[in-house]
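The primary structure of each chain is shown beneath.
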Amino acid sequence: MLNIRNFILLASLLMPATIRTSAQTAPALNAAEIKLQLKKLATLGSVLYIAAHPDDENTKLLGFLSKESLYRTGYLSLTRGDGGQNLIGNEQAEQLGLIRTQELLAARRIDGAEQFFTRANDFGFSKNQEETFTIWDRKKILGDVVWIIRNFQPDVIICRFPADSRAGHGHHTASAVLAAEAFDAAADPTKYPEQLSKVKVWQAKRILWNTFNFGGNNTTSEDQFKMDLGAYNPLLGKGFGEIAAESRSQHKSQGFGVPSSRGTSIEYFETIKGDKPKTSLMDGIQTDWPRINQKAIQELVNAAGKNYNMENPSATIPQLLEIRKKIKALPDGYWKTLKLRETDKLILACAGIWAEAFSTSAEVVPGETMGSNLQLINRSNITVTLEKISINGKDTAIQQPLAYNKFTTFQKTVAIPAETAISQPYWLQEPHPIGTYTIKDESLIGHPENIPALSATFYLKVEDEVIAVERPFIYKFTDPVKGEIYRPLVIAPPVIASLSNQVFVFTKTEPQTVPVKIHSMKSNVSGTVSLQLPAGFKADKASIPYSLTGKGDETEVIFHVSPVKINGQNIVDTMTVAVSTNGKEYTQSMTTIEYDHIPSITIFPSASARLVTVNLKYNGRKLGYIPGAGDKVAESLRQVGYEVSLLGEKEIMQGDLAQFDAIITGVRAYNTQDRLRYWQPRLLDYVKNGGTLLIQYNVSGNLATDQLGPFPFSLSRDRTTNEAAPVKFLLPQDKVFTYPNEIGQKDFDGWIQERGLYYPASVNSAYLKPLEMNDPGERSLDGSTIIANYGKGKYVYTGLAFFRQLPAGVPGAYRLFVNMISK
């Protein structure tokens, strides 16, 4: 039996996250946007778009459905894009997933759709659905899709990809397979029956595939259902090709900035299940208030829209209040919840009411207090009274009329409950296997981010109706260049620790210095710091005391850590810092990710580092490094004793390159460093005169130069996605396998995510191909690495994923990389 109360709560939680993620938490609607929302209030229809990753979505279609057709529109991305590459920084894996989550939310704020996720983890490129489903927990992820469908209740479901190899990626294919299965399962009470205490079964009318013509693959045909998305919306002042470009260009970490398009734009759809549409996406579905037998409300909404005066939006409020009363009188249900929220938003917008809750501190600690400013203003002549303010369930009676255009501030000291959870994303709170996040509270699945832990609710009486306006506490400050900045409020542990490195590599038994910074997030913290060491390692001290007086104070303690012995056996394990205070132990560090196009992200990962012992020999120690799209290879090489200098225009064009034993280019450097067109002759001369140049992977599009090496080759999309794929040595006597380290099969153990990507093709015979590898059931590939002698020096191009392996502390990857850059 449907639990109506829980269902309504969940439905409200799955509403758009706009107020939680935008630069300003409650952006005001202008008069044209209010007009558009009035039209949307008259529309009762919903569409859910399903694909695998951030940037898979058709932003033009999402914008058209949301802002032209005025349907409730959502995008379900099965993953957060954790396994992609990063063109704007060096964040990888879960941290890249956090960036891409916020990029999706930024896109949704532009195109008007809502954003959802499953617990699936993007583990990297997958060649087919069979591989994908061996890594994803298929049953759980299908359950997540069913859960989201039952909550969102879409009339129509649209897939981005087909359920076959034309999808081009195993995750893409899997998303279509799961969408089709969930279309049926969501309507079947025998499937995932445990969900039915909170949601009800739901049968969408149809599920379609949004066919495409890109990547050299045209899946459209004239007998498919078609929609023209090229409309111009005068209320928005834009066409949907312009809105789509702005939305899609938020995927900056993937380099997906695109130009605007204008004019006719046809999208094609193939029916997978359900009735085939003939004239409209919503054929057979009523999309106005008579859908729920409310013709009277439809007439009221139509009249409000007809009478709306853009120069005096508040004149519409009496009609909106009447609509609100009618909606409140309806039986509890999906459309009541959704439309009551829309109506309240319209009333506030028409009244010009602005309300926010600000913390005076950027970070707060559970069990402590927080200064706050609760601010609001009524910019209309409508009678509005602030009846009370509730903060985390505790009410303060106010009973204060809000005079026209008078800015009002209430300063309050807020006690933060001791049980308040720290600001760690819900999907990162537990260790997880490859492919699937571990989420204890499954009711959170679908949410793009955490539900705010601290919020204030303003109870506003507008005429004779009381509207609850909830605002999360945020932090606001003024930057002298950027102006007013809004940030999510951070809930922090009382003390955090940070390590200087994520990996400590030991090539001998001598101890390494391990500095640990201790940072107080509140005043008066003291205790001890210790290291939780794995077997095979020891520290010079069991613990070190610390004491910090003020909030934000910091101190550093020094440990010396060494392996017990190095006997040719590689050890890879984890060390964690434990900081005690007040009888409790804390093991968190703090990481803040900041880019201008998304809100600041703060997380509290474990204060841990990998400890690696490796039998590593060197030839040369001085390296030059040309940064690319962002990686941690340079700092990884420093960790094993190399002196690494970053090279730019001056160093390359005017400097003495001969001083370097080897020069390395970062990942996708030839895609991101335009000046490499002019640097390349200098680099090849460096090789010709006796230097070693190693180029890490690039992609074939937008290369700074076509002459990547001294002899011709091109770049393909060939890759080896199985990180445990067997490797064959084609030239076992070559120095790449013998000097200065003897390379064997064990050196390919423990690799992560993939062997390599975007291998060279059409390779000139002057290059040697030392390696061969293949994914299960596929042909062998010999292009992962190519090597050529040129003049007195050596040129290496490698698609092997060293940018993942070295920061992860994979011993064999270090040994092979050192051989590649050795003379």
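Residues numbered from 1 in each chain as written. Predicted model: local features only at pLDDT ≥ 70, side-chain atom pairs only at ≥ 80, totals over all residues. Heavy atoms only, no water.

Trainee: Is there a simple way to explain the environment of Asp747 in this structure?
Mentor: One can find Asp747 in the loop between helix H17 (735–738) and strand E41 (756–757). Excluding residues that lie within four positions of it along the chain, Asp747 makes contacts with Glu742, Gly812, Ala813 and Arg815. A distance of 2.9 Å separates a polar side-chain atom of Asp747 from the backbone nitrogen of Gly744. Of note is the side chain of Asp747, whose polar atom sits 2.7 Å from the side chain of Arg815. (Helix = DSSP H or I, 4+ residues; strand = E, 2+ residues; numbered from the N terminus. Contact = heavy atoms within 4.5 Å. Polar contact = N/O pair within 3.5 Å; in protein donor to acceptor, adjacent residues only side chain to side chain.)

Trainee: What exactly am I supposed to notice about the sheet that holds strand E24 (residues 512–520) here?
Mentor: Sheet strands pair via backbone hydrogen bonds, and the direction of the pair is either parallel or antiparallel. Reading across the sheet, the 4 strands line up as E22-E24-E28-E26 and stay open at both edges, with antiparallel pairing between neighbours. Looking along the sheet, the strands with just one partner apiece sit at the ends: strand E22 (495–499) and strand E26 (537–539). Between one strand axis and the next, the sheet turns by 30 degrees as a mean value, whatever way the strands run. Inspection of the sheet shows E26 paired to strand E28 (residues 554–563) by 3 bridges, in the antiparallel sense. What sits directly across from Ala539, in E28, is Val561. (Pairing = 2+ DSSP bridges. Axes fitted to C-alpha atoms, helices over the stretch in contact; angles between N-to-C directions.)

Trainee: Sorry if this is basic, but what is going on with the pairing of strand E37 (residues 692–695) here?
Mentor: Every other side chain in a regular strand lies on the same face of the sheet, so the side chains alternate between the two faces. Residues Thr692 and Leu694 line one face of E37 and the alternating positions Leu693 and Ile695 line the opposite face, and both faces are buried. In terms of strand pairing, strand E36 (residues 662–665) meets E37 through 3 bridges, oriented parallel. Bridge pairing in E37 links Thr665 to Ile695. In terms of strand pairing, E37 meets strand E45 (residues 793–798) through 4 bridges, oriented parallel. By the bridge assignment, Thr692 is partnered in E45 with Lys794. (Buried < 20%, exposed > 50% of the residue type's maximum accessible area, 1.4 Å probe, protein only.)

Trainee: Honestly, unusual backbone geometry in this entry has me stumped. Any pointers?
Mentor: Glycine aside, negative phi is the norm for most residues, and most peptide bonds take the trans geometry. A cis amide bond, omega -5 degrees, links Tyr739 with the succeeding residue Pro740. The topology assignment puts Pro740 in the loop between H17 and E41. The residue Asp55 is not glycine, and still its phi comes out positive at about 85 degrees. Tracing the backbone through its elements, the reader meets Asp55 in the loop between strand E1 (46–51) and helix H4 (59–67). The backbone of Asn293 sits at a positive phi, close to 60 degrees, despite the residue not being glycine.

Trainee: When you look at the packing of helix H3 (residues 31–41) against helix H12 (residues 334–350) in this model, what are you seeing that I'm missing?
Mentor: To describe two helices that pack against each other, one gives the angle between their axes and the distance between the axes. Contact geometry of H3 with H12 gives a least axis separation of 10 Å together with a crossing angle of 155 degrees. With respect to each other, H3 and H12 are oriented roughly antiparallel. Relative to H12, H3 is oriented so that their crossing is left-handed. Here Ile34, Gln37, Leu38, Lys40 and Leu41 of H3 come into contact with H12, specifically with Lys339, Glu342, Thr343, Leu346, Ala349 and Cys350. A class-by-class count of the residues in the contact of H3 with H12 yields 6 nonpolar, 2 polar and 3 charged. (Parallel < 35°, antiparallel > 145°, perpendicular 65-115°, else oblique. Left-handed = near helix turned anticlockwise from the far one by under 90°. Nonpolar A, V, L, I, M, F, W, Y, C, P; charged D, E, K, R; others polar.)

Trainee: Looking at this model, I keep getting lost on the pattern of salt bridges. Mind explaining?
Mentor: Oppositely charged side chains may form a pair once their charged atoms are brought near each other. Evaluation of the coordinates by the stated rule reveals 38 salt bridges. Taking the shortest distance from any N to any O, the salt bridge between Asp155 and Arg291 comes out at 2.5 Å. Here Asp155 is found in the loop between helix H7 (138–152) and strand E4 (156–159), whereas its partner Arg291 is found in the loop between strand E11 (266–274) and helix H10 (295–307), with 136 residues between them in sequence. What makes Asp155 buried here is its relative accessible area of 4%. Here Arg815 makes a salt bridge to Asp747, at a shortest N to O gap of 2.7 Å. Taken together, the residues Arg815 in helix H19 (residues 811–821) and Asp747 in the loop between H17 and E41 connect sequence positions 68 residues apart. For the residue pair Arg815 and Asp747, the accessibility class agrees, reading buried in each case. If you follow the salt bridges from partner to partner, you end up with Arg324, Lys328, Asp344 and Glu465 in one network. (Salt bridge = Lys/Arg side-chain N within 4 Å of Asp/Glu carboxyl O.)

Trainee: Looking at this structure, I do not really get the sheet that holds E1. What am I missing?
Mentor: Within the open sheet, the 7 strands sit side by side as E3-E2-E1-E4-E5-E11-E8. Their pairing is mixed. Whereas interior strands pair on both sides, the edge strands pair on one side only; in this sheet they are strand E3 (114–117) and strand E8 (225–228). With strand direction ignored, the average angle separating the axes of adjacent strands in the sheet is 30 degrees. Together, E1, strand E2 (72–77), E3 and E4 form the strand contacts of H7, whose direction differs from that of E1 by roughly 165 degrees. Strands in contact with helix H8 (residues 170–185) are E1, E4, strand E5 (206–211) and E11; relative to E11, the strand with the most contacts, it is inclined by about 50 degrees.

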